[in-house]
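Each chain is listed here by its residues.
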Number of protein chains: 2
Amino acid sequence: MMVDIVSTPPQQRAAVILRHARTLCEPVLREAIRTLPEPMSTMAGYHFGWWDTAGSPVHAAGGKALRPALTLGAALACGARAHDAVPAAVAVELVHNFTLLHDDIIDTDRTRRGRPTVWAVWGSADAILLGDALHALAMRVLVAGLPDTVAAAAVARLSGAVVDMCIGQHLDTGFDAGTQHADTSEYVRMATGKTGALMGCAAALGALCAGADGATVSTLECFGRELGLAFQFIDDLMGIWGDPAVTGKPADDLARRSMSLPVIAALESGTPAARELAALYRTEGRAGSIDSTRAAALVEAAGGRRSAQEFADRRVRSAIAAISVLPDRDAAGDLIALAQLASHRER
Amino acid sequence: MMVDIVSTPPQQRAAVILRHARTLCEPVLREAIRTLPEPMSTMAGYHFGWWDTAGSPVHAAGGKALRPALTLGAALACGARAHDAVPAAVAVELVHNFTLLHDDIIDTDRTRRGRPTVWAVWGSADAILLGDALHALAMRVLVAGLPDTVAAAAVARLSGAVVDMCIGQHLDTGFDAGTQHADTSEYVRMATGKTGALMGCAAALGALCAGADGATVSTLECFGRELGLAFQFIDDLMGIWGDPAVTGKPADDLARRSMSLPVIAALESGTPAARELAALYRTEGRAGSIDSTRAAALVEAAGGRRSAQEFADRRVRSAIAAISVLPDRDAAGDLIALAQLASHRER
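Residues numbered from 1 in each chain as written. Chains lettered and ligands numbered in written order. Predicted model: local features only at pLDDT ≥ 70, side-chain atom pairs only at ≥ 80, totals over all residues. Heavy atoms only, no water.

1. Re the overall build of chain A
Helix and strand content of chain A: 15 helices and two strands. Here chain A has a C-alpha radius of gyration of 20 Å; the compact-globule value for 347 residues is 20 Å, and the two agree. C-alpha extents for chain A along the principal axes are approximately 55 × 50 × 35 Å. Nonlocal contacts in chain A, meaning residues at least 24 apart in sequence, comprise 70% of its contacts between residues at least 6 apart. For chain A, the accessible area works out to roughly 13100 Å², and carbon and sulfur atoms hold 52% of it. Charged side chains in chain A number 32 positive and 38 negative. The centres of these two groups are separated by 2 Å. (Helix = DSSP H or I, 4+ residues; strand = E, 2+ residues; numbered from the N terminus. Rg over C-alpha atoms; globule rule 2.2 N^0.38 Å. Contact = heavy atoms within 4.5 Å. Areas by Shrake-Rupley, 256 points an atom, 1.4 Å probe, with all protein chains shown as cover. Lys, Arg positive; Asp, Glu negative; His and termini not counted. Charge placed at Lys NZ, Arg CZ, Asp CG, Glu CD.)

2. Concerning the state of the cysteines
Residue and element names in this part refer to chain B. Per the counting criterion, the structure on display carries zero disulfides over all chains. Not part of a disulfide, Cys-166 finds its nearest cysteine sulfur in Cys-201, a span of 13 Å. Classification of Cys-166 by relative accessible area gives buried; the value is 4%. Of all cysteine sulfurs in the structure, the one in Cys-78 sits closest to Cys-222, which takes part in no disulfide; the separation is 13 Å. Residue class for Cys-222 comes out partly exposed when judged on its relative accessible area of 23%. (Disulfide = S-S within 2.5 Å. Buried < 20%, exposed > 50% of the residue type's maximum accessible area, 1.4 Å probe, protein only.)

3. Thoughts on the relation of the copies chain B and chain A
Here the second copy of the chain follows from the first by a rotation about an axis and a shift along it. For the pair chain B and chain A, the superposition axis carries a translation of 0.0 Å, the fit reaches an RMSD of 0.0 Å, and the rotation angle comes to 180 degrees. The relationship between the two copies is best expressed as a two-fold rotation axis. A shared interface surface links the copies, since 100% of the contact residues of chain B are contact residues in chain A too. (Least-squares fit on C-alpha atoms with pLDDT ≥ 70 in both.)

4. Examining the interface of chain B and chain A
On the side of chain A, 33 residues touch chain B, which itself brings 33 residues to the contact. Taken over both partners, the interface formed by chain B and chain A buries close to 3000 Å², and the fraction arising from carbon and sulfur atoms is 79%. Taken together, the links from chain B to chain A amount to zero salt bridges. At the surface where chain B touches chain A, the tally comes to seven residue pairs in polar contact (both at pLDDT 80 or more). Of all the elements in the fold, those that place two or more residues in the side of chain B that touches chain A are helix 4 (86-106), helix 6 (124-145) and helix 7 (148-177) of chain B. If you tally residues by element for the side of chain B that touches chain A, the top one is helix 7 of chain B, at 13 residues. (Buried area = accessible area lost by both parts, 1.4 Å probe. Salt bridge = Lys/Arg side-chain N within 4 Å of Asp/Glu carboxyl O. Polar contact = N/O pair within 3.5 Å; in protein donor to acceptor, adjacent residues only side chain to side chain.)

5. Thoughts on the packing of aromatic side chains
Taken as a whole and assessed by the stated rule, the structure comprises 12 aromatic pairs over all chains. Chaining the aromatic ring pairs together yields one cluster made of A:Phe175, A:Tyr187, A:Phe233 and A:Phe311. The ring of A:Trp50 carries A:Arg30 above its face, with NZ or CZ at 4.4 Å from the centroid. When the ring centre of B:Trp241 is taken as reference, the NZ or CZ atom of B:Arg305 above it lies at 4.3 Å. (Phe/Tyr/Trp six-rings, centres within 6.5 Å; stacked < 30°, edge-to-face > 60°. Lys NZ or Arg CZ within 6 Å of the ring centre and 35° of its normal.)

6. Topic: helix 3 (residues 66-77) of chain B
Residues and elements named next belong to chain B. For helix 3, which comprises 12 residues, the first-to-last C-alpha distance of 16 Å matches the rise-based estimate of 16 Å (1.5 Å per residue) to within 8%. Most of helix 3 sits out of view: 12 of its 12 residues are buried. Residues of helix 3 that are buried include every one of Leu-66, Arg-67, Pro-68, Ala-69, Leu-70, Thr-71, Leu-72, Gly-73, Ala-74, Ala-75, Leu-76 and Ala-77, and no others. Positive phi shows up at Gly-79, right after helix 3, with a value of about 90 degrees. (Expected span 1.5 Å × (residues − 1).)

7. Regarding the side chain of B:Ser260
With respect to the helices and strands, B:Ser260 occurs in the loop between helix 10 (244-247) and helix 11 (261-267). With sequence-adjacent residues up to four places away left out, B:Ser260 is seen in contact with B:Tyr187, B:Asp236, B:Ile240 and B:Asp253.

8. Some thoughts on unusual backbone geometry
The omega torsion across A:Glu38 and A:Pro39 is 5 degrees, close enough to zero to call that bond cis. We note that B:Arg113 has phi near 50 degrees; this positive angle belongs to a residue other than glycine. Within the fold, B:Arg113 resides in the loop between strand 1 (111-112) and strand 2 (115-116). Of the residues examined, B:Arg113 reaches a relative accessible area of 18% and is grouped as buried.

Spelled out as C-alpha cells, the structure:
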C-alpha cells in the first residue's frame, strides 16, 4: 500500500504504514512460530505479545514493525508489490526479536513492552535457546518463501547483519561496563552495528525481493542504516526524557548510568556540567542508582540533548538524500514517511 | 579420499578419515573465522584450539571433526568428490560449535577439551554473542560456497536441525534439573534433538551437495541421525567410565547427578540396585556431589551399562542398514568406517 503523501500528516501516515506492515506480516510470522515445537512456540508467542505465559490470548503490545515496514517500503520503492517482500520482512522481524531475547539476558533487563522478559519468566537457558530457534527460523522463512537466488543473497545479507549486531552489542556492553572507552565516534560505530546493520539489511532485502540491481540494493541499505541510526539516537533521548506510558519502557538510562549518546556527547563537551556529570556517574558505587533528575539537567546543560537531536536529524536528512537517486520518487513515499517519523516519534 | 576398507583396522581407518576431513575443512573454517571482527575472531580461534586467549598460536585439541567427516563421506557415498561438500561440512562444524558455546553457558561447564570454556574466560555475554555470530557465519558459508539451489535446501535443513537441537538441549536441561520426567524413550527423544539432528543433517547435506535425489538425501539423514544417537549413548558411557586423559572431559556425570542413558536405564530396571541409586541421587542435597564409585557400581549392577551399550549397538546396526540401499556400496566405505568407530571409540 502507499499512503497519499501530500494530504496526510507525517505521524498519521507512518502509523498507517506500520499497521499495514503488521497486517501483512503477522499471519506469516504466526505460521512460522507455530512450526516451533513446544514450549518454544508458547514462549515465542508470549514474547510477541500474542498470549500470556500459559498461552491464553491477550492483547499486549508487540513491536512497532518498523523493520518489516522498511522491507516492504523498499520493495515498493523498487517497483515491486509489498506482498513479494513479506517473507523477507518476517525474517528480519524474527532476527530483530532473537537479538532482543539475547540482549535482555545480557543487559539483565527484566521488562520489555511493559511485561516481564522471557528470561525473567522462563530463565536464561530457555531464553538463549528460544533466541537461537528464532534465528534459525528467520533463515528458514527466507529460503521457504523466496526464489532460490533471491533467498541465497538474502541469507548472506541477513547473516552479515547478525554478525554486525553481535559486535554492536559487544561494544555496547563494554561502554556500560566501563571497559570500553566511549566517545561519540565509537558510539556511532556501536550503534551502526547494533541498530543500523539490521535496518540497513531490512531495506536492502526489500530491494532484493524486487529484483533491484546491486547499486539500488546498496542505496536502500544506506537509507535503512542511516534511518536506523536516527532511530537509535532518538531512542537514547527517550531513555532519558521519554514518557514511559507512551514508550512502554522506563526512562531510566541515567539512573542506570547508561552510556547513551546524549550522555557521551555531554561528557565530551568540556563544560563544567560535563565535569559534574562525570563525577556523578563515577560516585555512589556501581551498584546504586544515581539522581537522574540532576543528571538529566546536567546532560542538557552540557549540550548533550541538543547534540543527540542534531545527530538524529542529520541521519534522517542523509537517509532521504540517499534515496533521492531512485528513478520513481513517488514509489518511495512510504520510505520518506518512515524517515519523517524518526523526527516526530514518541515511541 | 577413501580408505581401503578391507586391510585397515576400523579405528585406524576412521582416524585417517577424520584427519582428512580436518585437513580439507580447516582452511575454509579459518578463512570464515578471519572474516569476524575482533574480538570475535580471537575468541573463536581460542575455542577451536588454534591459539590462546591472547591470540598466540598453540596446539590445543580441536574437535574430532566427526560431523564434517560425515558430510564429506555422504558426498562420496553419493558419487561426488569430497571437495564439493566442504562448505557444507564447515557450516555444520560452525553450527556444532555455536551450540557448544551456548550449551556450556547453560550447563555452567567451565572446561571443554581440557581448557577453560569461552564463557569462563570472557563472560557469558560475549559467549552468547560469539555463538550467535558462528550461527550466522554457518549460513553465510553455505550461500557463499554452494550453488543457490543447493544452498537454499541446505539452509532449510541446517536451520531445521538448529531448532531440533534447541528442543533437545531444553529437554536435557529439564532432566538434570528434575523438572522433566526422564525415561529411556524421553531420553531418546532428547538425544535425537541434541545429537541426532545435526549428525543427520551433516550427512544429508553431503548428499545434497552431490545432487542426490530426495529419497537418497533422506537415507543419508537417517544414517547420520542413527549414528549420532549411537555416539551420544557411547558419550554417556564415557561420562561414567571414560578415561579423562583420553576423552579430554572429566568422567563426572555421576558426581554431578547427570541423568544420562545408563543412569535412566538403571533407574528403570526395578532392581534393588536401582532403588539404592535413586536414593543416592535424591539424598545429600542438590548442591553436593555424590559417591560416584558407588553410583557407578549401582548403575552397572542394575544393568544400565549393558543397556546403554545395547542401545548404541542397535543404532550402529540401524545406521549401516539404512545405507545398504545405496547403489554403490564401495563408495559408502568411509561412512561404514565412521559407523564402526562408534562401536570402538575411546574419545
